[in-house]
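Geometric and topological summary
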Amino acid sequence: MKHILSFDIAKGKSVYCFIDELRNTIIDASLIEHNKNEFDNLYTLIKDYPNLVVIMESTSIYHLPVENYFRSNGIDTVVINPKLVKQFKDTLNKSKTDKLDCFKIARCYLGTIDTFYLKDDEYFIYNPIARQYWSLIEGQTRLKNRYKQLIEIVFPEFNLIFNDLYDDLALNFIHDFPHPNLFVNRRIDYLMNYLKEKNGTTKAYRFKNKVLKMKELASKSLCFVDADSYQVQNLVQTIVMIRYYKSEINKIKNQLINELKDKDLFKIINYIPGFGDFSTALFLAEVGDITRFSEKKKFISFIGIDSVTSQSGVSAYHGPISKTGCKFGRTILFNVVTTIIQISAHADKNNPIYLFFRKKQSEGKHHYKCIIACETKLCKIIYKLCSSDCLYQNK
């Protein structure tokens with residue numbers, strides 16, 4: 001007989017109850033603070049019960065200490081999607097309290113016990129690295145927007161000097177010469193040699209036109225801030241932070257690739273056109289072991305690109321995608337499909353994803369509906385290859 005220890009998690013404290021699979025209450029709903037002594041006392045009370053399972057909702061980061069405590073003690077621990085608990089109904093009572101919620105979470109687990117999967121396979125263990133990557137990307141995006149804003153304030157003509165304001169050459173130059181007054185009176189050969197050294201080339205004359213252009217733009221610029229203004233200081237500081245973020249993101253990319261490149265599923269997915277080393281590693285860190293799904297529909301549903309269907313009697317409505325699964329997995333698939341379409345349009349027009357995209361376009365579908373349809377097809381290809389343990393072949 002299973003014994004269920006259920007938690008309703010909050011910041012710094014939780015409410016728990018302990019029942020068996022027949023829903024008999026062993027320990028009534030009780031409050032527990034998140035400290036080791038109280039959890040050690042609780043563990044002493046329940047550790048001798050057979051088939052013990054700990055259940056809790058995913059609550060941002062607040063459930064992690066509780067989850068890690070019981071996992072480290074060798075107890076099966078299941079983290080439930082809050083949407084699943086919210087949709088679970090086994091009573092007409094609409095009351096909601098922490099004490100009632102911990103019992104509801106336990107009943108939800110007992111009512112859907114066959115649908116849970118413990119995220120502890122050889123791919124999911126790298127999920128924290130993937131989540132750190134997405135967090136850094138989000139921070140980098142905010143910094144880039146701030147950087148662009150400050151460029152427009154200090155010296156908008158930087159946009160005309162550098163094709164890409166975010167590459168290393170532009171960042172280095174603007175960091176050292178953030179204001180036009182700092183380089184407008186510099187010697188031409190000095191600036192040419194500076195750009196040569198920062199770009200890692202051996203020919204300074206290649207930058208003569210660029211230097212002449214920047215000096216001309218600087219002399220005509222309607223710059224309204226001083227070289228020692230706070231806006232210029234902010235620009236330099238933002239560039240330092242962008243450099244740091246770029247460095248940390250590259251470290252994460254290399255780490256994920258090195259950790260996963262020898263895995264079986266990595267080799268299978270990486271062989272599919274559109275997937276690079278990093279996108280393959282990131283995808284596996286987000287979705288885990290694909291072979292755990294018993295059918296392709298479950299894999300597609302986990303990604304969250306399955307259609308929402310509402311049917312009653314003879315009427316049926318097929319709505320948009322559910323978006324209830326792994327949003328980062330959807331992001332990766334979107335980027336991969338977009339890459340496949342762009343490359344195949346010029347180099348491989350027989351690619352099945354590209355042909356499928358063109359087919360959906362010919363049916364008058366919206367561009368993004370075509371992309372989602374291609375994502376679904378790509379998921380089916382990935383699932384088939386992984387479950388069959390074979391490599392992709394473009395026929």
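Reference entry: report on the structure contained in this document. Computed from a predicted structure; not experimentally measured.

Glancing now at the overall build of the protein chain. Each helix and strand counted, the protein chain has 16 helices and 7 strands in total. For a compact globule of 395 residues, the expected C-alpha radius of gyration is about 21 Å, and the protein chain comes in at 28 Å, more than 25% above that figure. The C-alpha extent of the protein chain, read off along each of the three principal axes, is 85 × 55 × 45 Å. Sorting the 395 residues of the protein chain into buried and exposed places 42% on the buried side. The contacts of the protein chain with a sequence gap of at least 6 include a subset with a gap of at least 24, amounting to 60%. Charge separation in the protein chain, taken as the distance between the mean sites of 56 positive and 43 negative side-chain charges, equals 8 Å.

What follows concerns helix 1 (residues 36-46). Those residues of helix 1 that fall on the buried side of the exposure criterion are Phe 39, Leu 42 and Ile 46. Seen along its axis, helix 1 keeps its buried residues to an arc of 60°; they face one direction. What points out from helix 1, more than 90 degrees from its buried face, is the exposed set Lys 36, Asn 37 and Asn 41. Those residues of helix 1 hidden inside the fold are in contact with strand 1 (3-9), strand 2 (13-20), strand 3 (25-33), strand 4 (52-57) and helix 2 (64-72).

With that settled, consider the nonpolar core. If you look at the biggest cluster of nonpolar residues, it comprises 88 residues, and the most contacted ones within it are Phe 158, Phe 173, Phe 283, Ile 290 and Ile 382. Aside from chain neighbours lying at most four places away, what touches Phe 158 is Ile 151, Leu 165, Phe 173, Ile 174, Phe 177, Pro 178 and Phe 183. Formed by 18 residues, the second largest nonpolar core is a distinct cluster that contains Ile 4, Ile 80, Val 85 and Cys 102.

Here we come to the pairing of strand 5 (residues 76-80). Note: strand 4 against strand 5, 5 bridges, orientation parallel. Paired with Ile 55 across the bridge in strand 5 is Val 78. Viewed along the sheet, the connection from strand 4 through helix 2 into strand 5 turns out right-handed.

This model, assessed by the stated rule, comprises 0 disulfides. Between Cys 326, a cysteine without a disulfide, and Cys 379, which holds the nearest cysteine sulfur, the sulfur-to-sulfur distance is 10 Å. Looking at the unpaired Cys 386, the closest cysteine sulfur is the one in Cys 390, lying at 9.0 Å.

Parameters and conventions
- Residues numbered from 1 in each chain as written.
- Predicted model: local features only at pLDDT ≥ 70, side-chain atom pairs only at ≥ 80, totals over all residues.
- Heavy atoms only, no water.
- Helix = DSSP H or I, 4+ residues; strand = E, 2+ residues; numbered from the N terminus.
- Rg over C-alpha atoms; globule rule 2.2 N^0.38 Å.
- Buried < 20%, exposed > 50% of the residue type's maximum accessible area, 1.4 Å probe, protein only.
- Contact = heavy atoms within 4.5 Å.
- Lys, Arg positive; Asp, Glu negative; His and termini not counted.
- Charge placed at Lys NZ, Arg CZ, Asp CG, Glu CD.
- Arc of directions from axis to C-beta.
- Core = buried A, V, L, I, M, F, W, Y, C linked by side-chain atoms within 4.5 Å.
- Pairing = 2+ DSSP bridges.
- Right-handed = clockwise from strand over helix to strand, strands pointing away.
- Disulfide = S-S within 2.5 Å.

The analysis is restricted to geometry; functional conclusions fall outside its scope.
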